[in-house]
Amino acid sequence: MNKSKLLKRFRMLSRVMSNRGDITINLTGNRCYTDYNSITLPVGDLENPDYLELLEGAIDHEVGHLRWTDRTWTAKSYEKGAFFNAIRNGIEDIRMERMVCLEWPGAILNLSKMVTQGIKKGWFSKPTDSFPPSLLLQAVVVYYGRYKINDQVQLKEFCEIALALLTDCIGQKPVHDLILLLDTIPALRSNQHSYELTEQIIQLLKKIEFKPGDSQGDDSGDSQGNDSGDSQGNDSGDSQGNDSGDSQGNDSGDSQGNDSGDSQGDDSGDSQGNDSGDSQQVINFVNECLNADESQLMADLHEQVNNELEKMADEVRSSNDMGQLIDFNAPLISKNDRGTVGTAELNLAKRLSTPISRELHKIIYGLDQKSVNFSKQGRTVEANRLAGVKAGNFNVFKSERITKAPTMAISVLVDRSSSMSAVEMNGANTSALAINLAIDKLKGVNSECIYFSAGDLYEAKCFKSTTKAVKDNFRVSSRGGTHTGLSLYSVIRRLSLRVEQKKVVFIITDGQASDLKYLEKSIEMSELLGIQIVCIGINTGMLYGFENQELLNIQTVEELPSILKQVIKNKLIA
């Protein structure tokens with residue numbers, strides 16, 4: 001996949017991940033898990049379409065569970081045993097995914113692609129007569145529900161095979177009754193309803209077990225032979241032998257030869273010959289279902305997808321050709337910092353915030369786009385074009401269209417490493433404070449401020465708070481190394497999940513990064529995701545690792561407004 005297609009795909013993925021109400025999606029590390037308020041998914045090869053398809057499907061599937069699956073009934077289901085829970089889980093997945101698709105129609109494609117991946121990887125396999133009874137019945141539930149109810153047509157063949165095999169095992173009528181139950185899934189409104197439907201299916205199975213006389217052949221009725229009526233032999237009437245009358249043998253009336261009335265032969269009235277075998281087969285089938293363990297069942301789709309995503313993430317980390325793209329155990333972000341004992345000039349920051357806001361306003365609202373068109377009809381005549389009417393140019397009506405500047409999210413990433421002197425740290429603190437105060441004045445623009453070194457990141461300001469409310473958080477002192485690359489990765493990851501249309505990182509640093517390999521990869525990732533980086537150097541002639549980025553260097557904080565004019569002039573934010 002080339003970079004432009006990858007960028008388009010990942011932008012779409014970001015939108016999908018962002019629009020989920022109060023559920024947070026984290027794309028980080030190499031493990032899958034949820035705390036029931038957020039979902040964390042591992043980072044794999046962004047150029048692998050299989051990974052992207054699984055990732056998108058996993059997001060929609062997991063968000064659906066968090067939104068619509070009550071865990072109380074899942075816990076009760078586990079207590080009922082492996083088979084019960086497998087059937088309930090299959091029903092709940094179908095019900096829940098249907099709810100997802102009704103609310104977010106785009107999920108239809110994502111979930112369908114996930115199923116296709118499941119077929120390719122063997123999670124959904126073609127049923128055979130060697131399937132254990134529990135697996136066969138589970139296959140009918142899963143394949144029928146996904147094909148018939150959720151329109152995942154790639155499972156049509158598997159569904160039809162499973163139904164035919166199940167009919168051979170327990171007969172047409174029980175299968176028909178099972179389908180009637182499964183057809184009620186669209187009416188289910190909760191995991192409790194999925195649980196209760198599973199109970200009905202279990203009762204249906206037990207009913208088959210205790211009524212082995214029901215036909216497992218092609219004909220209905222109480223007869224277990226080839227013909228209807230009370231006769232269970234080849235002929236009608238009371239005769240149960242080859243001949244009519246009271247005779248039950250070949251000759252004598254009370255003979256108990258080959259065709260006697262009480263005979264256990266092939267054609268007796270109470271015979272349990274072939275039909276006895278069928279009845280025992282059903283009893284065995286049901287018992288094996290009810291007593292099945294996990295090894296005789298289809299693995300949970302949730303676990304299959306998670307395991308595969310984790311495997312893909314591990315492969316990326318260990319891949320020789322890609323190297324370690326990023327240390328995905330990136331620094332954590334903390335809201336508390338024991339190092340807020342530095343200095344920041346609040347009054348200076350307030351004074352500078354107005355001219356900085358003015359310059360940022362020019363940058364951001366300069367992104368308004370104006371298009372002018374001329375046509376043969378309209379309301380506004382362009383006088384300068386009237387002279388062309390005689391020459392046959394009747395396009396004299398002018399129309400203008402202005403596209404408003406996009407919303408924007410800005411992360412201010414500030415170096416607090418030990419290479420920053422006390423004077424430089426004061427300048428960085430005051431600069432960061434001034435920039436965030438200025439951004440607070442701009443409509444449609446949100447900001448955060450993150451300090452970095454070689455340890456965990458410190459969040460001086462989050463996107464939701466105002467700078468004025470947290471101004472004391474900007475008194476940060478220097479310590480530790482300079483993990484600019486890993487820190488930039490963390491910020492890029494956060495920005496990629498924001499709903500704003502444009503994303504920008506302002507980096508304030510003295511330029512001495514200690515993880516240049518990770519910095520290179522992080523910059524590459526920012527380019528792929530369309531996240532722009534503006535580098536502001538503090539008393540430095542070079543920002544190591546940013547050689548291809550334009551350096552905006554300041555000696556004092558007062559230079560910030562003029563530096564931002566350079567941003568406009570050089571069109572660093574476009």
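Scroll up a little and you will see the structure.
What you see is a predicted model; the values in this text were computed from it and never measured. Within every chain, residues take consecutive numbers counted from 1 along the sequence as written. pLDDT decides what is reported in this predicted model: residues at 70 or higher carry local features, side-chain atom pairs at 80 or more are listed and counted, and totals for whole chains, interfaces and linings draw on all residues regardless. Hydrogens and waters are ignored; side-chain quantities use all the structure's heavy atoms.

Draft legend 1. Geometry of the pattern of salt bridges. Any Lys or Arg side-chain nitrogen located within 4 Å of an Asp or Glu carboxyl oxygen qualifies as a salt bridge. Within this structure, the stated rule accounts for 13 salt bridges. Of the charged contacts, one joins Arg95 and Glu92 as a salt bridge, the two residues approaching to 2.6 Å between their closest N and O atoms. Of this pair, Arg95 and Glu92 both sit in helix H4 (residues 82-103), three residues apart, roughly one helical turn. With a relative accessible area of 2%, Arg95 lands in the buried category. A simple rule labels every residue: compare its accessible area, found with a 1.4 Å probe on the protein chains alone, to the largest value its type can have, and call it buried under 20%, exposed over 50%, or partly exposed in between. Glu92 sits in the buried class, given a relative accessible area of 0%. Ionic pairing is found between Glu359 and Lys362, a salt bridge with its closest N-O pair at 3.7 Å. Helix and strand assignments follow DSSP, with helices taken as H or I runs no shorter than four residues and strands as E runs no shorter than two, numbered in order from the N terminus.

Draft legend 2. Geometry of the pairing of strand S3 (residues 38-41). The side-chain alternation of S3 yields two buried faces, one formed by Ser38 and Thr40 and the other by Ile39 and Leu41. DSSP-based pairing: two strands are paired if at least 2 bridges between them are found. Pairing of strand S2 (residues 33-34) with S3, which is carried by two bridges, proceeds in the antiparallel orientation. Residue Thr34 lies in a different strand from S3, and its bridge partner there is Ile39.

Draft legend 3. Spatial organisation of the packing of helix H14 (residues 484-496) against helix H15 (residues 516-528). A fitted line through C-alpha atoms serves as each axis, taken over the contacting stretch for helices, and the angle formed by two N-to-C directions is quoted from 0 to 180°. One way to put it is that H14 packs onto H15 with a least axis distance of 7 Å and a crossing angle of 25°. In terms of their interaxial angle, H14 and H15 are classed as roughly parallel. Note that H14 runs across H15; the crossing there is left-handed. Where H14 abuts H15, its residues Thr484, Gly485, Leu486, Leu488, Tyr489 and Ile492 lie against Tyr518, Leu519, Ser522, Ile523, Met525 and Ser526. Here the residues of the contact of H14 with H15 sort into eight nonpolar, four polar and no charged. Note on terminology: angles under 35 degrees are roughly parallel, angles over 145 are roughly antiparallel, angles of 65 to 115 are roughly perpendicular, and the others are oblique. For a crossing to be left-handed, the near helix must be turned anticlockwise from the far one by less than a right angle; the clockwise case is right-handed. Contacts are assigned to residue pairs with any non-hydrogen atoms lying within 4.5 Å of each other. Under this grouping Gly is polar, as are all residues other than the nonpolar Ala, Val, Leu, Ile, Met, Phe, Trp, Tyr, Cys and Pro and the charged Asp, Glu, Lys and Arg.

Draft legend 4. Looking closely at the sheet that holds strand S9 (residues 457-461). Spatially, S4-S9-S8-S7-S10-S11-S12 is the arrangement adopted by the seven strands of the open sheet, whose pairing is mixed. Edge positions in the open sheet fall to strand S4 (333-334) and strand S12 (551-554), since each of these has one partner strand only. Direction of pairing for strand S7 (residues 408-415) relative to strand S10 (residues 502-509): parallel, over a ladder of seven bridges. Each bridged residue has a counterpart across the sheet, and for Met408 the counterpart in S10 is Lys502.

Draft legend 5. Broad picture of the nonpolar core. Leu137, Tyr143, Leu166, Leu182, Ile201 and Leu309 are the most contacted members of the largest nonpolar core, which has 74 residues in total. Of all the elements, helix H6 (residues 133-149) adds the most residues to this core, at 11 residues. For Leu166, the residues in contact, after removing those within four places along its chain, are Leu136, Leu137, Val140, Gly171, Val175, Leu178 and Phe285. Nonpolar cores are built from buried Ala, Val, Leu, Ile, Met, Phe, Trp, Tyr and Cys residues. Side-chain atoms within 4.5 Å join them into one set. Listed in part, the 44 residues of the second largest apolar core include Ala349, Val414, Val445 and Ile538.

Draft legend 6. Quick peek at the environment of Phe131. In this structure, Phe131 sits in the loop between helix H5 (107-120) and H6. Using a relative accessible area of 14% as the deciding quantity, one classes Phe131 as buried. Sequence separation of Phe131 and Gln296 is 165 residues, and the distance between their C-alpha atoms is 8.5 Å. Not counting the four nearest positions on each side in its chain, Phe131 is found in contact with Ser125, Lys126, Leu136 and Ala139.

Draft legend 7. Unusual backbone geometry, seen in detail. Its identity is not glycine, yet Asp151 carries a phi of approximately 60°, on the positive side. Within the element layout of this structure, Asp151 appears in the loop between H6 and helix H7 (156-170). Residue classification places Asp151 among the exposed residues on the basis of a relative accessible area of 57%.

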